Amino acid sequence: MKIGILSNPPDFSDYTAEIFKTWGLIGFDRVQWDRVEKLDPASTPVLVCPASEQNAPAHESLIDFARRGGTLIAFLPTGTLAEAAGLNPKGPKPAPLRLRISEYPAAGLSGE
């Protein structure tokens, strides 16, 4: 089984490939956006889409890949890709988002 990593700099495809190598996953190929439509889910069942600035027509090829039986892992999906996944982004969350520890849950851990 091969894993595909979408490659279209500037995105996180090189970083994702480096993480896969570190974890010992060597069965991956980098896939250019223009090859997604021809990608066979039987030979590459998983396609990783690092966060990128692609537009809706590019997202349609990813959605089509998933409809043909492939598994798509998308970092920060937006637009039509998020809608196809059933996500309804509400926008950024207001700050501050901090963990406020009121008790000592474990030895050696302290709060603010």
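Here, the structure is the one placed above.
One structure accompanies this document, and this report is about it. (Residues numbered from 1 in each chain as written. Predicted model: local features only at pLDDT ≥ 70, side-chain atom pairs only at ≥ 80, totals over all residues. Heavy atoms only, no water.)

Turning next to the overall build of the protein chain. A tally of helices and strands in the protein chain yields three helices and four strands. Secondary structure elements in the protein chain, listed N-terminal to C-terminal, are β-α-β-β-α-β-α. Sequence-distant contacts, at least 24 apart, represent 62% of the contacts inside the protein chain between residues at least 6 apart. Accessible surface, the protein chain: about 8000 Å² in total, of which carbon and sulfur atoms supply 56%. (Helix = DSSP H or I, 4+ residues; strand = E, 2+ residues; numbered from the N terminus. Contact = heavy atoms within 4.5 Å. Areas by Shrake-Rupley, 256 points an atom, 1.4 Å probe, with all protein chains shown as cover.)

In this model, the second largest pocket occupies a volume close to 170 Å³. Lining the second largest pocket are Ile63, Ala66, Gly70, Thr71, Leu72, Ile73, Ala74, Pro77, Leu81, Ala84 and Ala85. Where the lining of the second largest pocket is concerned, the elements lending two or more residues are helix H2 (56-67), strand S4 (71-74) and helix H3 (79-84). Class assignment for the residues of the lining of the second largest pocket results in nine nonpolar, two polar and no charged. (1 Å grid on protein atoms, 1.4 Å probe; cavity = no way out; pocket = protein on both sides within 12 Å on 5 of 7 lines; lining within 4 Å. Points joined across faces, edges and corners; volume = space filled by probe spheres on them. Nonpolar A, V, L, I, M, F, W, Y, C, P; charged D, E, K, R; others polar.)

Attention now moves to unusual backbone geometry. The phi angle at Leu76 is positive, at roughly 50°, despite the residue not being glycine. Checked against the element boundaries, Leu76 lands in the loop between S4 and H3. Given a relative accessible area of 70%, Leu76 falls into the exposed group. (Buried < 20%, exposed > 50% of the residue type's maximum accessible area, 1.4 Å probe, protein only.)

This paragraph deals with a nonpolar patch on the surface. Together, Ile73, Phe75 and Leu76 make up an exposed nonpolar region whose accessible area comes to about 310 Å². Within the secondary structure, Ile73 is located in strand S4. Residue Ile73 is classed as partly exposed on the basis of its relative accessible area, which comes to 39%. (Patch = residues over 30% accessible without salt bridge, like charges linked within 9 Å, V, L, I, M, F, W, Y side chains within 5 Å. Salt bridge = Lys/Arg side-chain N within 4 Å of Asp/Glu carboxyl O.)

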